[in-house]
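Chain and residue survey
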Amino acid sequence: MIDWTEDLLAQIAAASRVALSYPGLDGYPVVLPLPFTFDRDNRCFSMPIPHQTPSPASEEQVSLTLLYYDEQRKAERYVLFYGHLTETGNEWTFTPSQVVLPQWRSRA
Amino acid sequence: MNQLPDWMYHAIEESFTCQFASTTARAIPVALPVFLHYFDPDAGTLIISSPVRMKRVENVRQRPKVAILFSPVGAGPDEPKHVLLVQGLAEVDDTNLESGWKRYFAGWARRQPSARQSLARMEQAIPGYTQRALIRVRPSRFLGWPDGNFQQAPEVVEVTND
């Protein structure tokens, strides 16, 4: 269960891209950097499916790392979501079920 | 190791952060940003370090198939536009948590010069931050998209160690 606070929604709005991670058929992780749109009403992310990417071995064992560059700290920040993936035409839809905020945020 | 296309070396060497993906106990790959410490272009080995108490370290011990993603992060106009996914087998070296990783710190500091000053602050904020295991990745495969063009099929280099 995710608490969709305004702070979390603001972080999603500030993110420049996501890294989608899923298990490949040979057991190696597949990670792809993708542009995204976020549907505030349905709380899900949509991403274009790249041409000829390795297929997911599972659409349930998926995570999404929201990434943004922190100019002040010269570092990359993230918010991690677990969830599941569905494929619709040329798009993936990722529906989050759990969010993990990094330790540095919870201590800020 | 096989010779890689020049642009793949460029994507690795000129990267700012990269995303290191390990697999959790629930079999979910998780990619989080890290600074690459070292890349050996002859053997292909990539080295990062990680606070030993992070789940990432245990993930790698239990499930050594990992991936590292290199792609632009928005740090500036000079960073390569290429996207490169390296899949490989990783091993944890926790023989010297105090200072083993410092042998490779130059590669981290080249990417993030402020790290030299911020380590003490990070240790205060996150106790154990400087007790770091090394993670060495031996690549099995490189999948790359020159200029980040996902409309093309990826260039794939399967690694053969002669």
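About the cut-offs
- Residues numbered from 1 in each chain as written.
- Chains lettered and ligands numbered in written order.
- Predicted model: local features only at pLDDT ≥ 70, side-chain atom pairs only at ≥ 80, totals over all residues.
- Helix = DSSP H or I, 4+ residues; strand = E, 2+ residues; numbered from the N terminus.
- Rg over C-alpha atoms; globule rule 2.2 N^0.38 Å.
- Pairing = 2+ DSSP bridges.
- Buried ≥ 20, exposed ≤ 12 C-beta atoms within 10 Å, placed from the backbone.
- Contact = placed C-beta atoms within 7 Å.
- Arc of directions from axis to C-beta.
- Core = buried A, V, L, I, M, F, W, Y, C linked by C-beta atoms within 7 Å.
- Nonpolar A, V, L, I, M, F, W, Y, C, P; charged D, E, K, R; others polar.
- Axes fitted to C-alpha atoms, helices over the stretch in contact; angles between N-to-C directions.
- pLDDT = per-residue confidence, 0-100.

A word on the overall build of chain A. Helix and strand counts for chain A stand at 2 helices and 7 strands. Secondary structure elements of chain A occur, N-terminal to C-terminal, as α-β-β-β-β-β-β-β-α. Here chain A has a C-alpha radius of gyration of 14 Å; the compact-globule value for 108 residues is 13 Å, and the two agree. C-alpha extents for chain A along the principal axes are approximately 40 × 30 × 20 Å.

Residues and elements named next belong to chain A. Where strand 5 (residues 62-70) meets strand 6 (residues 75-88), 9 bridges bridge the pair, whose relative direction is antiparallel. Residue pairing across strands places Leu 64 opposite Phe 81, the latter belonging to strand 6. The turn joining strand 5 and strand 6, which pair antiparallel and follow one another in sequence, is formed by 4 residues; a positive phi near 50 degrees is taken by Lys 74. The pairing of strand 6 with strand 7 (residues 91-100) spans 9 bridges and is classified as antiparallel. Paired with Leu 85 across the two strands is Phe 94, which belongs to strand 7. Between strand 6 and strand 7, which follow one another and run antiparallel, lie 2 residues, and Gly 89 among them has a positive phi close to 60 degrees.

Let's shift gears to the environment of Val 30 of chain A. Of note, Val 30 of chain A is situated in strand 2 (residues 29-34). For Val 30 of chain A, a count of 24 C-beta atoms within 10 Å corresponds to the buried category. Beyond its immediate chain neighbours, meaning those up to four positions away, Val 30 of chain A contacts Tyr 22, Gly 24 and Pro 54 of chain A together with Ala 67 of chain B.

On to helix 2 (residues 55-62) of chain B. Among the residues of helix 2 of chain B, those classed as buried are Arg 56, Val 57, Asn 59 and Val 60 of chain B. All buried residues of helix 2 of chain B lie within an arc of 160 degrees about the axis, which places them on one face of the element.

Let's shift gears to the nonpolar core. In globular proteins that are soluble, nonpolar side chains generally tend to be buried together. By size, the foremost hydrophobic cluster in this structure holds 62 residues, and its most contacted members are Val 18, Leu 20 and Val 31 of chain A together with Ala 67, Ile 68, Leu 69 and Leu 84 of chain B. With 7 residues, the single largest contributor to this core is strand 7 (residues 132-145) of chain B. Ignoring anything within four residues of it in the chain, the contact list for Val 31 of chain A reads Ala 19 and Ser 21 of chain A together with Gln 19, Ala 21, Ala 31, Ala 67, Leu 69 and Leu 85 of chain B.

Here we come to the interface of chain A and chain B. On the side of chain B, 32 residues touch chain A, which itself brings 29 residues to the contact. For the side of chain A that touches chain B, the secondary-structure elements that each account for two or more residues are strand 1 (17-23), strand 2, strand 5, strand 6 and helix 2 (103-106) of chain A. Within the side of chain A that touches chain B, the residues separate by chemical class into 17 nonpolar, 9 polar and 3 charged.

Following the sequence through the fold, Val 66 of chain B ends up in strand 5 (residues 65-70). Sequence spacing of Val 66 of chain B and Val 30 of chain B is 36 residues, and the spatial spacing of their C-alpha atoms is 9.7 Å. Apart from the residues within four sequence positions on either side, Val 66 of chain B is in contact with Pro 29 of chain A together with Phe 20, Ala 21, Ser 22, Val 60, Gly 88, Ala 90 and Val 137 of chain B.

Once that is clear, we can look at the sheet that holds strand 6 of chain A. Residues and elements named next belong to chain A. Spatial strand order, 2-1-5-6-7-4-3: 7 strands in an open sheet with antiparallel pairing. In this open sheet, the two strands that pair with only one neighbour each are strand 2 and strand 3 (37-39). Neighbour to neighbour, the strand axes of the sheet diverge by 35 degrees on average, direction disregarded.

Residues and elements named next belong to chain B. With respect to the secondary-structure elements, Gly 148 resides in the loop between strand 7 and strand 8 (155-158). Gly 148 sits in the partly exposed class, given 16 other C-beta atoms within 10 Å. For the pair formed by Gly 148 and Arg 103, sequence separation is 45 residues and the distance between their alpha carbons is 32 Å. Apart from the residues lying within four places of it in its own chain, the contact partners of Gly 148 are Ser 71, Pro 72, Lys 81, His 82 and Val 83.

Keep in mind that low pLDDT regions are not for reading the predicted coordinates in detail. This prediction gives chain A a mean pLDDT of 90; 94% of its residues lie at or above 70. At the low end of the mean pLDDT range in chain A sits helix 2 of chain A, at 50; at the high end sits strand 2 of chain A, at 97.

Residue and element names in this part refer to chain B. Taken together, the buried positions of helix 1 (residues 6-13) are Met 8, Ala 11 and Ile 12. Looking straight down helix 1, one finds that the buried residues subtend no more than 95 degrees of arc, so they occupy a single side. Summarising the contacts, the buried residues of helix 1 are in contact with strand 3 (38-39), strand 5, strand 6 (83-93) and strand 7.

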